[in-house]
There are 4 protein chains.
Amino acid sequence: MKTVDLNSDLGESFGAWQMGNDAAMIEVATSVNVACGFHGGDYDTMRKTVELAKARGVSVGAHPGYRDIHGFGRRPFYGMNPSEIENLVAYQIGALQAIAALVGYKVTHVKAHGALSNVACEEESTARAIASAIKAVDPNLVFVVLANSKMVQAGEAANLPMVHEIFADRAYEDNGNLVSRKKPGAVLRDPKQIAERVVRMVGDGAVVSVTGKVIKMRTDTICIHGDTPGAVEIARGVRKALRDAGIEVAPFRKAS
Amino acid sequence: MKTVDLNSDLGESFGAWQMGNDAAMIEVATSVNVACGFHGGDYDTMRKTVELAKARGVSVGAHPGYRDIHGFGRRPFYGMNPSEIENLVAYQIGALQAIAALVGYKVTHVKAHGALSNVACEEESTARAIASAIKAVDPNLVFVVLANSKMVQAGEAANLPMVHEIFADRAYEDNGNLVSRKKPGAVLRDPKQIAERVVRMVGDGAVVSVTGKVIKMRTDTICIHGDTPGAVEIARGVRKALRDAGIEVAPFRKAS
Amino acid sequence: MKTVDLNSDLGESFGAWQMGNDAAMIEVATSVNVACGFHGGDYDTMRKTVELAKARGVSVGAHPGYRDIHGFGRRPFYGMNPSEIENLVAYQIGALQAIAALVGYKVTHVKAHGALSNVACEEESTARAIASAIKAVDPNLVFVVLANSKMVQAGEAANLPMVHEIFADRAYEDNGNLVSRKKPGAVLRDPKQIAERVVRMVGDGAVVSVTGKVIKMRTDTICIHGDTPGAVEIARGVRKALRDAGIEVAPFRKAS
Amino acid sequence: MKTVDLNSDLGESFGAWQMGNDAAMIEVATSVNVACGFHGGDYDTMRKTVELAKARGVSVGAHPGYRDIHGFGRRPFYGMNPSEIENLVAYQIGALQAIAALVGYKVTHVKAHGALSNVACEEESTARAIASAIKAVDPNLVFVVLANSKMVQAGEAANLPMVHEIFADRAYEDNGNLVSRKKPGAVLRDPKQIAERVVRMVGDGAVVSVTGKVIKMRTDTICIHGDTPGAVEIARGVRKALRDAGIEVAPFRKAS
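Residue numbers here run from 1 along each chain, matching the order of that chain's written sequence. Labels follow written order: the first chain is A, the first ligand is 1, and so on. Local features in this predicted model are restricted to residues of pLDDT 70 or higher, and side-chain atom pairs are both shown and tallied only at a pLDDT of 80 or more, whereas totals for entire chains, interfaces and linings draw on every residue. Hydrogens are left out, water is left out, and the side-chain values use all remaining heavy atoms of the structure.

1. Some details on the overall build of chain A
Link 1 in the chain: Strands here mean DSSP runs of E at least two residues long; helices mean DSSP runs of H or I at least four residues long; both are numbered from the N terminus. Each helix and strand in chain A was counted, giving eight helices and 10 strands.
Link 2 in the chain: Here the C-alpha atoms of chain A give a radius of gyration of 17 Å, agreeing with the 18 Å that 2.2 N^0.38 yields for 256 residues.
Link 3 in the chain: The principal-axis extents of the C-alpha atoms in chain A amount to approximately 40 × 35 × 35 Å.
Link 4 in the chain: Three exposure classes are used, based on accessible area relative to the maximum for each residue type with a 1.4 Å probe and protein chains only: buried under 20%, partly exposed in between, and exposed over 50%. Put simply, chain A has 256 residues, and 61% of those count as buried.
Link 5 in the chain: Only the protein chains shown count as cover for residues, with accessible areas throughout obtained via the Shrake-Rupley method and a probe of 1.4 Å. Put simply, chain A shows about 9700 Å² of open surface, and 49% of that area lies on carbon and sulfur atoms. C-alpha atoms define the radius of gyration, and 2.2 Å times the number of residues to the power 0.38 defines the globule rule.

2. Examining the interface of chain A and chain B
Link 1 in the chain: Opposite the 28 residues of chain A that make contact, chain B presents 28 residues.
Link 2 in the chain: For the pair chain A and chain B, the summed buried area comes to about 2200 Å², and 62% of that belongs to carbon and sulfur atoms.
Link 3 in the chain: Buried area: the accessible area, evaluated with a 1.4 Å probe, that two parts lose upon being put together, summed over both parts. Looking at the side of chain A facing chain B, the largest losses of area belong to A:Tyr43, A:Asn87 and A:Tyr91, adding up to 33% of the total buried there.
Link 4 in the chain: The rule for a salt bridge is simple: a side-chain nitrogen of Lys or Arg has to be within 4 Å of a carboxyl oxygen of Asp or Glu. Summed over the shared surface of chain A and chain B, the number is two salt bridges.
Link 5 in the chain: Elements that contribute at least two residues to the side of chain A that touches chain B include exactly α2 (43–56), α3 (82–103) and α5 (124–137) of chain A.
Link 6 in the chain: The biggest single contributor to the side of chain A that touches chain B is α3(A), with 13 residues.
Link 7 in the chain: In terms of residue class, the side of chain A that touches chain B is made up of 17 nonpolar, five polar and six charged. It only takes one pair of heavy atoms within 4.5 Å for two residues to be counted as in contact. Three categories are distinguished: nonpolar for Ala, Val, Leu, Ile, Met, Phe, Trp, Tyr, Cys and Pro, charged for Asp, Glu, Lys and Arg, and polar for the others, with Gly belonging to the last.

3. What to know about the state of the cysteines
Link 1 in the chain: Any two cysteine sulfur atoms lying within 2.5 Å of each other are counted as a disulfide. All chains considered together, the criterion is met by zero disulfides over all chains.
Link 2 in the chain: In this structure A:Cys223 is not part of a disulfide, and its nearest cysteine sulfur, from A:Cys121, lies 12 Å away.

4. Some points on the interface of chain B and chain C
Link 1 in the chain: Contact residues are listed per partner, giving eight residues for chain B and eight residues for chain C.
Link 2 in the chain: For the pair chain B and chain C, the summed buried area comes to about 730 Å², and 69% of that belongs to carbon and sulfur atoms.
Link 3 in the chain: If you sort the residues of chain B by the area they bury against chain C, B:Arg67, B:Arg75 and B:Phe77 come out on top, with a joint share of 56%.
Link 4 in the chain: Linking chain B to chain C there are zero salt bridges.
Link 5 in the chain: Here the residues of the side of chain B that touches chain C are counted per class, giving four nonpolar, one polar and three charged.

5. As for the relation of the copies chain A and chain B
Link 1 in the chain: Overlaying chain A on chain B yields an RMSD of 0.0 Å, the required transformation being a rotation through 180° with an accompanying axial translation of 0.0 Å. Expressed as an axis order, the relation between the two copies is that of a two-fold axis. Fitting of the copies onto one another was done by least squares over C-alpha atoms, counting residues only where both copies have pLDDT of at least 70.

6. Focus on the side chain of C:Asp5
Residues and elements named next belong to chain C.
Link 1 in the chain: Mapped onto the elements of the fold, Asp 5 is located in strand β1 (residues 3–10).
Link 2 in the chain: Note on charges: Lys and Arg go in the positive column, Asp and Glu in the negative column, and His and the chain ends are not counted at all. Within the buried core, Asp 5 has no salt-bridge partner, and the shortest N-O distance to an opposite charge, that of Arg 239, equals 8.3 Å.
Link 3 in the chain: We define a polar contact as two N or O atoms separated by no more than 3.5 Å, with the added condition that, inside protein, one atom must be a possible hydrogen donor and the other a possible acceptor, whereas residues neighbouring each other in sequence contribute only through side-chain atom pairs. Looking at Asp 5, its side chain comes within polar contact range of the side chain of Ser 31, at 2.6 Å.

7. Examining the confidence of the model for chain A
Link 1 in the chain: Residues with a pLDDT of 70 or more make up 100% of chain A, whose mean pLDDT is 95.
Link 2 in the chain: Among the prediction metrics, the complex's ipTM stands at 0.96, with pTM recorded as 0.96. Confidence of the predictor at the level of single residues is given by pLDDT, which spans 0 to 100.

8. So, the pairing of strand β3 (residues 59–63) of chain D
Residue and element names in this part refer to chain D.
Link 1 in the chain: Within β3, five of the five residues are buried, which leaves it mostly tucked inside the rest of the structure.
Link 2 in the chain: With burial as the criterion, each face of β3 is covered, one bearing Ser 59, Gly 61 and His 63 and the other bearing Val 60 and Ala 62.
Link 3 in the chain: Running through helix α2 (residues 43–56), the crossover from strand β2 (residues 31–35) to the neighbouring parallel element β3 is right-handed.
Link 4 in the chain: As judged from the three bridges shared by β3 and strand β4 (residues 107–110), these two strands associate in the parallel manner. Bridge pairing in β4 links Ala 62 to Val 110. Handedness is read with the strands pointing away from the viewer; a crossover is right-handed when the path from the first strand over the helix to the second is clockwise. Any two strands are treated as partners once DSSP identifies two or more bridges connecting them.

Quick look at the structure:
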């Protein structure tokens, strides 16, 4: 029986500001990535999010981003050297581990956020610095990597446990890269189409590109979003379709 | 043979701004308390400071403060509840632990900074929240408490390893409290007087108050400052005087 | 014909985070107080808010708060001296004036936010520092003061134009102070009761306290909130009831 | 008689952290550029700096930077659109104007800081956004532009008063650009050589490039640094050499 994980970015509220629909997404996801205070989240939100995840038995990972709360970690900081990236990432993982300790829970994985992830997909030194930080903090932490990105090699070089991630609602180019958000059709909107597509991705271990090409792609976890009411519906549809197709939905690493 | 530790607050530089004289103080101190990015310090400074400490064999502790970089953690946040204090403190300890992991070193202790320490000295709920955070993150971490403060009971209640701290250069009231900085004579300036006084404190296990009263006081670690060139001289004088008096100067907890 | 202003705090979104219902409140309010980036808001939100206000012909004021984005300016900074308060307030007023200049609009007034307002209501030195900052930046700016607070004397001493503010949905003590939010009945919830009460406040120039005592109170502007859907309904009800009672609803100072 | 201005970046201290040698530089410079709290400085430092400048009769300008206190405004934010740049710059100018009003002084000019300046030198849309912000806030403010950069055209298009700036201690390429700091010889160190070179630049209206080519360059103001003791000496040497050569050293715009 095939198994796949559904991961979602949670804990992105900040101080007095709410973001996302954590209560709904925790019902659908099997793993959540928790913002660590640099692009979103704060120590109180982190605790609340880990408590929520523990109550639901959902695995918790760190979701480190650039230090840019005003820009929500979506602006690249090209000038950072690998040592600074290591420090940036390690700091955030450790912070979440300690918050999880308050709750009596464990961090299982790490997934880079926003612009840090984008840069790491293309720039090997950044990808390696992230892997290096994870390894130093705890070599058993799972590195969530975007399929076909520089992060894959970086994780392999560091000998880290890895899971490959695809996006439920994004179109792919023939070379396996995501279609840029600036192009039409980059983001899929139809819940039924998305659900069918995800089932095929997991069942076949392949993605169909925009031109119809079938690209082999390892799929351990599927990123689902909850930013809009429609997104929650899509996520629920994906989960239901996977189950209906006999695919088990479960975390890639069970929290202990 | 009596033993005492000399602790110093380090790693308070921030981004492009330098603070303190870490290179000089690391030669005198046996334990250092590292700012964790909330009132001073940042992830790069933290790493540099832990590297420095490791190279010198000096023990490293977390020095958590309020989230107030602009005010250097010196302004009290009275409105914070115990749960928020726990989160605040745990976050910072975990962040430093992860940075230390990058360096291959261990965090041995925790000492609250500035206004957080002042509030915890007087407000039991804050002192207990700090102790609770330490215990959750790692019950083997040593809690550095100001002698005669609410932190002592909080540490005892949490059953944490504790060391009692006194100040080399501060005058004490008859009740064992520090003389307020607003009163004349609160801060001692004469290196010779300070050195003699410290030797007596450690040798006798007692402090002489401003009125001449001898107050029993456990003295495990002495806080030394390095903010001014004169302060470094005082610190060196204290270290030398202790050795000359046959008192061993060593960390209260050796880093492994 | 009697006239009263309805003022509302707007522009409290921050970066990627939304807050409040600015589009709805701009339809009800005649003056808006714009967060200036210290407790909420940012330079982009400020511009958008001023553009919205200009399009609706609603007056725009600065809403300066403590430098505490994480705590939304709701935590008091007791340690700040009057000179620091002056700088804090002047900085924020000037920032909004320049943003308004980009839009081709003018700032007409200043109202302190959250904990800064609370402290200024009770501590004369803080109230005077706010008044002093306003006067230095532009002595024609209207100082919005809470009726019966220390801000009234501070504004008079500085010879600033002033408007007295009351709250539509808050209960008052016999001495004219607001009933503490910690006490039951501090906040009124019934739209009809609130609307009737406001009409009476403006018509009679008096508030009825929790014990039924009639307290004379100058009422130039009424603070309305829009944080919840219910709050918007209350605000609309207040506006309608005032009009029905023949009271003109208009800004205390028309933007030019 | 020829005249030239000496400008220096001041007020870069932040909270508890000191930076630079403002007291020494204010004796040498005729115009100072004040950090506005985004990359350095804060409202208290701004006031202190304006007070210092007023006492010495030195002109004061805004020195806006990217919102990046941790990176001291030295990291480019490529993702910002022109409208955001306008808001960023206007906010900071207005903030300084209001602080100057507290002191009874006037802001005379605007000079972009660090990475914002670098990006504006090469990217016309950023340069135009800066000019547009200045013009909206006050069209009489002088725009300090790097000679031969995109800022020149942007200032001309906005019809702003402009002064052209050169660097005392930087080498120039044949095309009039600064030699990159990554290349050897980019920064000159010899006080005597620098002083002679500056006199020639102002006297001849030309710079000699690294290959010996004479490049015509308008020189209204010379940027002098004070970050190191050596830098202060260089700045003093430049001032003395200019006077000895009969060139008047005076602000390009006298503060009123």
